[in-house]
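# A structural walkthrough
Residues per chain are reported as follows:
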Amino acid sequence: MGSYEHINVTREDGIGVIQLDRPNVSNALNRQMVDEIVGEMEMLDRDETIRVIVVKGHDKFFAAGADIGEMAAERPMSLELLDPFAVWDRMTLIKKPLIASVNGFALGGGFELALHCDLIISGEKAKFGFPEVKLGVMPGAGGTQFLTKAMGRRKALEWIWLGEFMSAAEAEKFGVINRVVAPEMLDEETIRLAKQLTKQAPISLRLIKEAVHKAEELSLMDGMKLERKNFYLAFDSEDQKEGMQAFMDKRPPSFKGE
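This text gives an overview of the structure that appears in the document. (Residues numbered from 1 in each chain as written. Predicted model: local features only at pLDDT ≥ 70, side-chain atom pairs only at ≥ 80, totals over all residues. Heavy atoms only, no water.)

For the protein, the count of helices and strands is 12 helices and 10 strands. In terms of overall size, the protein behaves like a compact globule, its C-alpha atoms giving a radius of gyration of 19 Å where 258 residues would be expected to give roughly 18 Å. With respect to the three principal axes, the spread of C-alpha positions in the protein is 60 × 40 × 40 Å. Counting across all 258 residues of the protein, residues that qualify as buried make up 43%. The long-range fraction of contacts in the protein, counting pairs at least 24 apart against all pairs at least 6 apart in sequence, stands at 67%. Taking the average location of the 33 positive side-chain charges in the protein and that of its 41 negative ones, the two points are 4 Å from each other. (Helix = DSSP H or I, 4+ residues; strand = E, 2+ residues; numbered from the N terminus. Rg over C-alpha atoms; globule rule 2.2 N^0.38 Å. Buried < 20%, exposed > 50% of the residue type's maximum accessible area, 1.4 Å probe, protein only. Contact = heavy atoms within 4.5 Å. Lys, Arg positive; Asp, Glu negative; His and termini not counted. Charge placed at Lys NZ, Arg CZ, Asp CG, Glu CD.)

Shown next, in the form of structure tokens:
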């Protein structure tokens, strides 16, 4: 386990939890913090004892956006040379389930961090949005792409153009997030969902994640070919043998990720 300045990490019962911890600036994401988050995601992804990864913030804020002070003086060529968003691309390579647990504000880069996760569970008072337009810029870590895929072109344009906040209820209505719960129940419900996933066959989860994510960019026939390939691959796992035998034996399966 690494030693970090801006995040805290816990591991228990097959669940790795990354808590954003830069409270003095409402968890604003500077480059070091993003490096820490992604680096830990990759470590948890390689850890055979971990089956699900959770990213969470604090009660009043998930992450209030990017660190504006860090970016204000940048120029096009300095950004081109620095390539600050390359590290974000590595999040899309995480193979295990990623769950964002959001209370309070998830804005700008904080919203993008949540959208990089596979599932988002939110407290009722959470607020989501991309206020970048009010700073004379735009989302840069995937916000325009993720939100458009979630809610469609017209609604995504409206929200990003106006830079307004979206309530948890609105985000759920438009398919941006999965579940809304009472704020005081968020941690409990997040872990309950994560524990449900830890009981599933890890190889199946991995193959399903790949097929579902690729469905957004492949043609129907190419997507079906990938699905079929992954279906066949599942039959090379011990978990497939265990799952089907357990079904015939009328007992719960014991999956080992093999």
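Phe62 and Phe128 are the most contacted members of the largest nonpolar core, which has 44 residues in total. If you tally residues by element for this core, the top one is helix H1 (residues 31–46), at 6 residues. (Core = buried A, V, L, I, M, F, W, Y, C linked by side-chain atoms within 4.5 Å.)

The volume enclosed by the largest pocket comes to roughly 1,200 Å³. If you trace the largest pocket, you find 35 residues lining it, with Asp118, Lys209, Val212, His213 and Glu216 closest to the centre. Mapped onto the lining of the largest pocket, the elements with two or more residues apiece are strand S5 (98–102), helix H5 (109–116), strand S7 (119–123), helix H6 (143–151) and helix H10 (202–215). Tallying contributions element by element places H10 first for the lining of the largest pocket, with 9 residues. (1 Å grid on protein atoms, 1.4 Å probe; cavity = no way out; pocket = protein on both sides within 12 Å on 5 of 7 lines; lining within 4 Å. Points joined across faces, edges and corners; volume = space filled by probe spheres on them.)

What follows covers the pairing of strand S3 (residues 52–56). Regular strands show a simple pattern: their side chains alternate between the two faces of the sheet. Here S3 lies mainly inside the structure; 5 of its 5 residues are buried. Side chains Val52, Val54 and Lys56 project from S3 onto one buried face, and the interleaved Ile53 and Val55 project onto a second face that is buried too. As judged from the 5 bridges shared by strand S2 (residues 15–20) and S3, these two strands associate in the parallel manner. By the bridge assignment for S3, valine 17 is matched with valine 54. In terms of strand pairing, S3 meets S5 through 4 bridges, oriented parallel. Each residue of the ladder has a partner; that of valine 54, found in S5, is isoleucine 99. (Pairing = 2+ DSSP bridges.)

Turning our attention to a nonpolar patch on the surface. On the surface, Phe231, Tyr232, Phe235, Met244, Phe247 and Met248 cluster together into a nonpolar patch covering about 740 Å² of accessible area. Of all elements in the fold, only helix H11 (220–234) and helix H12 (238–249) reach the threshold of two or more residues within the nonpolar patch. In terms of residues, the nonpolar patch owes the most to one element, H12, which gives 3 residues. We classify phenylalanine 235 as partly exposed; its relative accessible area is 35%. (Patch = residues over 30% accessible without salt bridge, like charges linked within 9 Å, V, L, I, M, F, W, Y side chains within 5 Å. Areas by Shrake-Rupley, 256 points an atom, 1.4 Å probe, with all protein chains shown as cover. Salt bridge = Lys/Arg side-chain N within 4 Å of Asp/Glu carboxyl O.)

As summarised here, the arrangement of the 4 strands in space is S4-S6-S8-S9, forming an open sheet in which the pairing is mixed. Both edges of this open sheet fall to strand S4 (61–63) and strand S9 (165–167), since each of them pairs with a single strand only. Looking at each pair of strands side by side, their axes are set apart by 20 degrees on average, direction ignored. Direction of pairing for S4 relative to strand S6 (residues 105–107): parallel, over a ladder of 2 bridges. Bridge pairing in S6 links phenylalanine 61 to phenylalanine 105. (Axes fitted to C-alpha atoms, helices over the stretch in contact; angles between N-to-C directions.)

Among the structural elements, asparagine 230 can be located in helix H11. Here asparagine 230 is in contact with Leu207, Glu210 and Ala211, once residues within four sequence places are set aside.

Right, let's get into the environment of glutamate 217. Counting through the fold element by element, glutamate 217 comes out in the loop between H10 and H11. Residue glutamate 217 is classed as exposed on the basis of its relative accessible area, which comes to 57%. As a C-alpha pair, glutamate 217 and lysine 149 span 68 residues in sequence and 9.9 Å in three-dimensional space.

Right, let's get into the packing of aromatic side chains. Summed over the entire model, instances satisfying the criterion amount to 5 aromatic pairs. Ring centres of phenylalanine 105 and phenylalanine 165 lie 5.7 Å apart, and the angle between their planes is 65 degrees; on these two criteria the pair is classed as edge-to-face. A residue pair is termed long-range when its members are at least 10 positions apart, and phenylalanine 105 in strand S6 and phenylalanine 165 in strand S9 qualify at 60 residues. A relative accessible area of 35% means that phenylalanine 105 is categorised as partly exposed. Judged by its relative accessible area of 40%, phenylalanine 165 falls in the partly exposed class. (Phe/Tyr/Trp six-rings, centres within 6.5 Å; stacked < 30°, edge-to-face > 60°.)

For the rest of this paragraph, the subject is the sheet that holds strand S1 (residues 7–12). Ordered by their spatial adjacency, 6 strands build an open sheet running S1-S2-S3-S5-S7-S10, and the pairing between neighbours is mixed. The sheet is open, and its two borders are formed by S1 and strand S10 (179–181), each paired with just one other strand. Taking each pair of neighbouring strands and ignoring which way they run, the sheet shows an average axis angle of 20 degrees. Two elements, S7 and S10, share 3 bridges in a ladder whose sense is parallel. Following the sheet pairing, glycine 123 is matched in S10 by valine 181.

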